Amino acid sequence: MGINLGNVFPNFKCSTTEGEMDFYNYIEGSWAILFSHPADYTPVCTTELGHAASNYHEFEKRGVKLMGLSVDPVDSHNGWIKDIQAICTMPNAGKFPFPLAAGSRKLVSDLGMLDPDEVDGSGMPLTARCVFIIGPDKRLKLSLLYPATTGRNFKEIYRVIDSLQLTASKKVATPANWESGEKCMVVPSLSDEQAKQLFPKGFETTPVPSQKSYIRYTPDPSV
Ligand code: BEZ
């Protein structure tokens, strides 16, 4: 099935390392990330979950709730978490800071998370490395889909959260490799007159051979 940008993200109930959870109750009113990993006790997944746990403050300061997910059972997640805690610095006196869900095959298939090329010992497909970023309105704002052999770049995840949160409230878009605080671009739907009203710090138009005035930079309106 899979979910398209702008769709309401479906609710689900699931066993997790923090007990039985209802996804909507967990994320209520917040930005949220549901991200999957292929399997517990695998090396790349350990670096990813370790990074997310050690750097949980990066999600907290952006008001983002995190939930990990794979098709492994909760007992397996709990055993694996001990390894992650042993090799990574954990916040909150060592407590693992977010729940890991034990997704059913139907759930992960409905969410479009399965990687047909990555199978378990019995030939069943494992989950790929998906990242779903969901807005406070429960709609899908961004998704990333990586194969099992490529670990994710969490700096990019923090960067896209910053862009999503900024562009949700300001009529700007963020250019290639943008980082919070850097110059943004006025969205094409705004006329120059509207942009003058909306951006008191002004904007600069880059001259181009077409003479079209579509490349307009303005300071990050959040700083
Ligand atoms: C890993 O997390 O290291 C991994 C998992 C499945 C396939 C390949 C690598």
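Report follows, based on the coordinates. (Residues numbered from 1 in each chain as written. Predicted model: local features only at pLDDT ≥ 70, side-chain atom pairs only at ≥ 80, totals over all residues. Heavy atoms only, no water.)

**What about the sheet that holds strand E10 (residues 172–173)?**
Strand-to-strand pairing in sheets goes through backbone hydrogen bonds, with the strands running parallel or antiparallel.
Now for step 1: Strand order in the open sheet made by the 4 strands is E10-E11-E13-E12, with antiparallel pairing throughout. At either end of the open sheet lies a strand with only one pairing partner, and these are E10 and strand E12 (204–205).
Now for step 2: Examined bridge by bridge, strand E11 (residues 184–186) and strand E13 (residues 216–218) share 2 bridges and lie antiparallel to one another. Bridged to Met185 within E13 is Tyr217. (Pairing = 2+ DSSP bridges. Helix = DSSP H or I, 4+ residues; strand = E, 2+ residues; numbered from the N terminus.)

**Observations regarding the sheet that holds strand E9 (residues 140–146)**
Now for step 1: Taken together, 7 strands build an open sheet; the order of strands is E2-E1-E5-E4-E3-E8-E9 and the sheet is mixed. The outermost strands of the open sheet, each flanked by one partner alone, are strand E2 (19–22) and E9. Each neighbouring strand pair of the sheet contributes to a mean axis angle of 30 degrees, computed without reference to strand direction.
Now for step 2: The pairing of strand E3 (residues 31–36) with strand E8 (residues 129–134) spans 4 bridges and is classified as antiparallel. If you follow Phe35 over to E8, its bridge partner there is Val131.
Now for step 3: Where helix H2 (residues 43–54) meets the sheet, its contacts fall on E3, strand E4 (64–70), strand E5 (100–102) and E8, and the angle it forms with E8 comes to roughly 25 degrees.
Now for step 4: This element, helix H4 (residues 74–87), spans strand E1 (13–16), E4 and E5 of the sheet and lies at about 150 degrees to E5. (Axes fitted to C-alpha atoms, helices over the stretch in contact; angles between N-to-C directions. Contact = heavy atoms within 4.5 Å.)

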